[in-house]
Structure formats: C-alpha cells, structure tokens
Amino acid sequence: MSEREAELAAELGSELAVRAEKLDAADELRGKRDAFVLDDVVYLDGNSLGALPAVVPGRVEDVVRRQWGELRIRSWEESGWWTAPERIGDRIAPLIGAAPGQVVVGDSTSVNVFKALVGAVRMAGEGRDELLVDATTFPTDGYIAESAARMTGCALRPVTPGEVPGALGDRTAAVLLNHVDYRTGRLHDLPALTAAVHAAGAYVVWDLCHSAGALPVGLDEHGVDLAVGCTYKYLNGGPGSPAYLYVRRELQDRFDSPLPGWNSHAEPFGMRAGYEPAPGALRGRVGTPDILSMLALEAALEVWDGVPVEAVRAKSLALTDFFLECVAAYVPEGRVECVTPVPHEERGSQIALRCHDASDVMKRLVERGVVGDFRAPDVLRFGFTPLYVGFADVERAARVLARTLA
Ligand SMILES: Cc1ncc(COP(=O)(O)O)c(C=O)c1O
Ligand SMILES: Nc1c(O)cccc1C(=O)C[C@H](N)C(=O)O
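Quick caveat, the model's predicted, so the values are computed rather than measured.

A separate point is the overall build of the protein chain. A count of helices and strands for the protein chain gives twelve helices and 15 strands. Relative to its length of 406 residues, the protein chain is compact, with a C-alpha radius of gyration of 22 Å against a globular reference of 22 Å. The dimensions of the protein chain, computed from C-alpha atoms along their principal axes, are 80 × 55 × 35 Å. Here the protein chain holds 406 residues, and 55% of them are scored as buried. In the protein chain, of all internal contacts separated by at least 6 residues, the share reaching a separation of at least 24 is 73%. Per element, the accessible surface of the protein chain, about 17,100 Å² overall, is 55% carbon and sulfur.

So, on to the sheet that holds strand S7 (residues 172-178). One open sheet holds the seven strands; their spatial order is S4-S10-S9-S8-S7-S5-S6, and the pairing between them is mixed. Of all strands in the sheet, those with a lone pairing partner are strand S4 (103-105) and strand S6 (155-159), marking the two edges. Recorded for the sheet is a direction-independent mean angle of 15 degrees between the axes of neighbouring strands. Both strand S9 (residues 226-229) and strand S10 (residues 244-247) contribute to a ladder of four bridges, which runs antiparallel. Within S10, the position partnered with Gly 229 by the bridge is Tyr 244. Helix-sheet contacts for helix H5 (residues 109-124) involve strand S5 (130-134), S7, strand S8 (203-207), S9 and S10, and the interaxial angle to S9 is about 170 degrees. Packed on one face of the sheet, helix H6 (residues 139-152) meets S5, S6, S7 and S8 and runs near 175 degrees to S5.

Residues in contact with ligand 2, as listed here, are Ser 48, Phe 138, Tyr 182, His 210, Tyr 232, Lys 233, Arg 375 and Arg 381. Lys 233 places a side-chain nitrogen or oxygen 2.5 Å from a nitrogen atom of ligand 2. A total of 380 Å² of accessible area belongs to ligand 2 in isolation, and the protein chains cover 60% of it. Classifying every residue of the shell around ligand 2 by side-chain character gives three nonpolar, two polar and three charged.

Looking now at the UniProt feature "binding site: pyridoxal 5'-phosphate" (unreviewed entry) in the protein chain. Mapped onto the present numbering, the UniProt feature "binding site: pyridoxal 5'-phosphate" (unreviewed entry) falls on Thr 109, Ser 110, Phe 138, Pro 139, Thr 140, Asp 141, Asp 207, His 210, Tyr 232, Trp 262 and Thr 288. Spanning 180 residues, the named residues are also spread out in space, since their farthest C-alpha pair is 30.6 Å apart. The annotated residues named above include Thr 109, Ser 110, Phe 138, Thr 140, Asp 141, Asp 207, His 210 and Tyr 232 as those lining the second largest pocket. Note on placement: Pro 139 falls in helix H6. A relative accessible area of 32% means that Pro 139 is categorised as partly exposed.

Around ligand 1, the neighbouring residues are Ser 108, Thr 109, Ser 110, Phe 138, Thr 140, Asp 141, Asn 178, Asp 207, Cys 209, His 210, Tyr 232 and Lys 233. Taking Thr 109, its main chain carries an N or O atom lying 3.4 Å from an oxygen atom of ligand 1. Here Tyr 232 contributes a side-chain N or O atom positioned 2.7 Å from an oxygen atom of ligand 1. Calculation on ligand 1 without its partners gives an accessible area of 390 Å², and the protein chains cover 85% of this total. Of the pockets mapped on this structure, ligand 1 occupies the second largest pocket. Elements supplying a minimum of two residues to the shell around ligand 1: H5 and H6.

Close contact between helix H4 (residues 84-92) and helix H9 (residues 291-300) brings their axes to 10 Å; oriented N to C, the two are set at 30 degrees. With respect to H9, the element H4 is oriented roughly parallel. In the crossing of H4 with H9, the sense of the turn from one axis to the other is left-handed. Seen from H4, the contacting residues are Ala 84, Pro 85, Arg 87, Ile 88 and Ile 92; seen from H9, they are Met 294, Leu 295, Leu 297 and Glu 298. The class makeup of the residues in the contact of H4 with H9 is seven nonpolar, no polar and two charged.

Right, let's talk about the nonpolar core for a bit. Counting residues in each nonpolar core, the largest one holds 81 residues, and the members touching the most others are Ile 96, Phe 323, Phe 382 and Leu 401. Counting residues in each nonpolar core, the second largest holds 29 residues, with Val 113, Ala 116, Leu 176 and Leu 245 among its members.

Residues annotated by UniProt as "modified residue: N6-(pyridoxal phosphate)lysine" (unreviewed entry) correspond here to Lys 233. Relative to the helices and strands, Lys 233 is located in the loop between S9 and S10. With relative accessibility at 10%, the residue Lys 233 sits in the buried group. Aside from chain neighbours lying at most four places away, what touches Lys 233 is Gly 46, Asn 47, Ser 48, Gly 50, Cys 209 and His 210. Of the polar contacts made by the side chain of Lys 233, one reaches the backbone oxygen of Asn 47; its length is 3.4 Å.

The step from Ala 376 to Pro 377 runs through a cis peptide bond, and the omega angle for that step is 5 degrees. By the secondary structure assignment, Pro 377 is in the loop between strand S14 (373-375) and strand S15 (379-383). Phi is positive for Arg 72, close to 45 degrees, though the residue is something other than glycine. Relative to the assigned elements, Arg 72 resides in the loop between helix H2 (56-68) and helix H3 (75-78). Of the residues examined, Arg 72 reaches a relative accessible area of 54% and is grouped as exposed. For Asn 236, which is not glycine, the phi dihedral falls at a positive 55 degrees. With respect to the element layout, Asn 236 can be found in the loop between S9 and S10. Judged by its relative accessible area of 3%, Asn 236 falls in the buried class.

The rules behind the values
Residues numbered from 1 in each chain as written. Chains lettered and ligands numbered in written order. Predicted model: local features only at pLDDT ≥ 70, side-chain atom pairs only at ≥ 80, totals over all residues. Heavy atoms only, no water. Helix = DSSP H or I, 4+ residues; strand = E, 2+ residues; numbered from the N terminus. Rg over C-alpha atoms; globule rule 2.2 N^0.38 Å. Buried < 20%, exposed > 50% of the residue type's maximum accessible area, 1.4 Å probe, protein only. Contact = heavy atoms within 4.5 Å. Areas by Shrake-Rupley, 256 points an atom, 1.4 Å probe, with all protein chains shown as cover. Pairing = 2+ DSSP bridges. Axes fitted to C-alpha atoms, helices over the stretch in contact; angles between N-to-C directions. Near = heavy atom within 4 Å. Polar contact = N/O pair within 3.5 Å; in protein donor to acceptor, adjacent residues only side chain to side chain. Nonpolar A, V, L, I, M, F, W, Y, C, P; charged D, E, K, R; others polar. UniProt positions renumbered as here; feature names shortened; annotations may be inferred. 1 Å grid on protein atoms, 1.4 Å probe; cavity = no way out; pocket = protein on both sides within 12 Å on 5 of 7 lines; lining within 4 Å. Sits in = over half its atoms within 2 Å of the grid points. Parallel < 35°, antiparallel > 145°, perpendicular 65-115°, else oblique. Left-handed = near helix turned anticlockwise from the far one by under 90°. Core = buried A, V, L, I, M, F, W, Y, C linked by side-chain atoms within 4.5 Å.

Here you go:
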C-alpha cells in the first residue's frame with residue numbers, strides 16, 4: 001500500500017468510526033446491552049450461542065436452592081414446573097408470530113424435527129409418500145428427515161428451497177425447510193414457499209433456529225403448519241436450552257406425535273395403560289421437562305419485554321449493511337467473497353464470508369477479540385444479535401478482520 005493509499009484508508013476508517021458512534025447514539029435498543037453479561041470482546045457468535053442475560057444466574061440459583069432445595073417435590077405445582085413447557089411456549093409465541101396455545105417448549109430441535117415431520121406425514125395420509133427436505137440444511141435436519149422417511153415408508157428427496165415449487169406434486173406429504181440457512185445466512189421466502197406447499201396439498205415444517213429472535217416470522221399470518229427452533233441462539237436461553245414445537249391450532253387435534261410420552265397424555269397422573277393425547281400444544285410434550293434449563297430460558301426471555309421484533313429486524317439489517325460497508329472499505333478487494341445475499345428480503349442476521357484460509361483466519365480473529373465462527377469448508381460466519389451488538393463493534397470487527405487477512 002502506498003503512503004497516499006494508507007492515508008486514505010485511515011481517513012475512511014475514522015469516518016466509519018465516527019458514523020458508528022452516531023449510529024450507536026441513535027440506536028433505540030442500545031440500553032438492552034446492559035441486560036447481558038459481556039466483556040470487551042466483539043461477540044458475533046450469538047447465532048450459535050447467545051450471550052448470558054444478567055438476570056439468569058440469580059434465577060437459576062433460586063430454582064436450585066429454594067425451589068429444588070427447599071420446596072423439593074412441591075415445586076412441580078407450587079413453582080409452576082409442571083406447566084413450564086406451555087407457559088414458556090406462550091412467551092416465545094409472540095416472537096414468532098403465534099397466538100397463545102400453539103407452542104410447547106422441550107427436547108432438542110432435532111427431536112422436535114422428528115415429531116413434526118412424522119406428525120406431518122401422518123396428517124397427509126394415504127397416497128402421499130414423498131418427503132422433500134432442504135438439501136442445504138443444517139445436517140441434523142437431513143439426518144432426521146432420512147430416518148423419518150424410512151420409518152413412514154416415504155421417499156426422501158433433497159432439493160434446494162428454490163426448487164421446492166417445481167418438485168411438489170400430489171405425492172408430496174411434507175416439506176422440511178430452514179427459514180434462514182445456517183451457513184450462508186440466506187433468508188428463504190416463508191410466505192411464498194408455505195403457500196406453494198399448501199397448493200400441492202402437503203404440509204410444511206419450518207426450522208426457525210436462525211430466524212427466531214432475529215426477524216419477524218409470522219407463523220399464524222402465513223398459515224404455517226408446523227415449526228421448530230432452538231432457544232440458545234438469538235433467544236439466549238443458554239447452552240443446550242430446550243427447543244420448541246409449534247403446531248397450528250387447526251391441526252392440533254390431528255397431530256399424532258410419534259413420541260407420545262406420558263407428559264402429552266390427557267391425564268398424565270391417571271397412569272393408564274392406554275394412550276389418550278392431551279388437547280392443544282401439550283400434545284407435543286414427551287417426558288419430564290428439563291426444568292433447570294427451561295427456567296433459565298424463562299428468565300432469559302425477560303430481556304424481550306417491551307422489545308418489538310420489528311425493531312430488532314431493523315437494527316439487524318442496519319448492522320449487517322454497515323458490516324458489509326466496513327468490509328468493503330477495509331478488506332482488499334477479492335480477499336473474501338460474501339455469500340450472504342445483499343437484498344434485505346433475502347438476508348437473515350448474519351454475514352458469511354468465504355475465503356480459502358477461513359479456519360485459520362477465524363482462529364486469529366478470536367485471538368484478537370472478535371468472535372465469529374468457522375463453518376467447513378471455507379466460511380467465516382458472523383452473527384449479529386441486535387440486543388447486544390452495536391455499530392462500533394461492527395466497525396471494530398471489520399477493522400480487525402482486515403488486519404487479520406492482510
Ligand atoms: C438449522 C438448525 N437446526 C437444528 C440445529 C441443532 O439442533 P439441536 O439443538 O438438536 O442440536 C441447529 C444448530 O445447532 C441448526 O442451526
Ligand atoms: N448446538 C451447538 C452445539 O451444541 C455446539 C456447537 C455449536 C452448536 C450450534 O448451535 C451450531 C449452529 N446450529 C450452527 O448454525 O452452526
């Protein structure tokens with residue numbers, strides 16, 4: 001770089017840093033950062049594991065010491081343990097555009113994918129013996145879909161989301177799709193794809209892991225049949241926090257869970273030999289809920305009080321736009337290739353940059369205080385969680401990235 005080029009880069013850098021300060025000052029979500037335990041690291045990995053909400057440790061301590069330690073068995077009732085899955089489901093519901101009574105929390109996303117897919121095939125009925133699955137999906141969904149297909153006697157057809165409309169037919173039973181692609185950050189058109197699946201007479205299951213808490217989902221509005229998602233990313237529920245299952249109200253009576261544990265029985269304490277499913281979202285429950293994780297999640301969800309998901313989406317887009325601008329300004333052209341779509345309607349809340357030495361670059365970035373993650377084979381992934389990431393973080397991340405790539 002010539003001296004003049006270096007001068008220009010420094011000017012541009014300070015201009016972007018000043019812009020970042022102004023954007024942070026005008027940010028209506030800025031105060032939310034104080035609700036989290038953070039240090040001076042730029043944390044861009046909230047799309048894998050969200051940061052710790054400050055309210056959680058105290059709450060968990062109360063659950064352990066008082067609810068478990070003192071109340072013991074009484075807590076199933078007195079501390080609301082038994083009803084936690086549906087109560088916390090109702091807390092998540094507004095974040096994914098669902099009215100109460102349709103979301104239940106529990107198990108992992110993988111397990112809920114299984115319940116939803118097999119449930120969807122059972123609803124589709126005779127003559128429908130094909131499952132379509134997003135070929136670009138996070139691997140667990142593909143593995144589970146393969147097993148679900150084998151168990152239900154369906155053929156499994158992996159297709160890209162764009163190919164779904166052309167692949168649908170009168171044999172399609174169900175389609176499993178990701179709202180946001182975990183690797184590229186591409187946002188898929190949930191309303192249009194849902195409508196296409198319905199027009200073919202099939203059922204759709206959406207995996208919301210990378211969209212819930214980052215952007216509006218509108219499950220009820222778009223008539224989604226079933227949906228699943230994790231709570232440890234943008235919902236900050238903590239490592240291994242339980243996932244959720246949404247079953248649209250009109251389908252609940254027909255939802256025939258492949259895992260009908262006693263917690264989903266109409267009368268669990270009747271201890272009867274015969275299974276009779278509970279009404280409503282409760283049907284998605286299986287066995288005893290993991291109370292410690294679940295109540296940590298319940299506390300974590302308090303950070304959403306008074307936060308419209310639309311405001312989160314607006315800030316997320318502003319953050320990712322600004323990151324792209326800073327990367328373009330700081331990183332030599334051609335050193336990285338952005339694989340996340342630029343149009344807002346196709347972008348989730350992450351930016352994925354491809355470069356041949358991505359694994360090594362991410363290691364060095366983390367050492368320099370910018371935490372993203374590496375996804376094989378060659379992707380640097382940066383997640384932007386609007387509740388605690390600011391514009392100065394974004395500018396610093398791009399600056400450190402440029403230095404690391406140099
Ligand atoms: C799209 C998607 N589905 C599922 C999972 C994982 O599910 P589980 O919580 O069962 O590990 C992840 C990430 O871990 C994911 O990104
Ligand atoms: N669930 C994870 C885990 O148990 C360990 C490490 C990472 C994860 C993740 O969530 C990965 C994440 N779904 C991804 O998009 O890559």
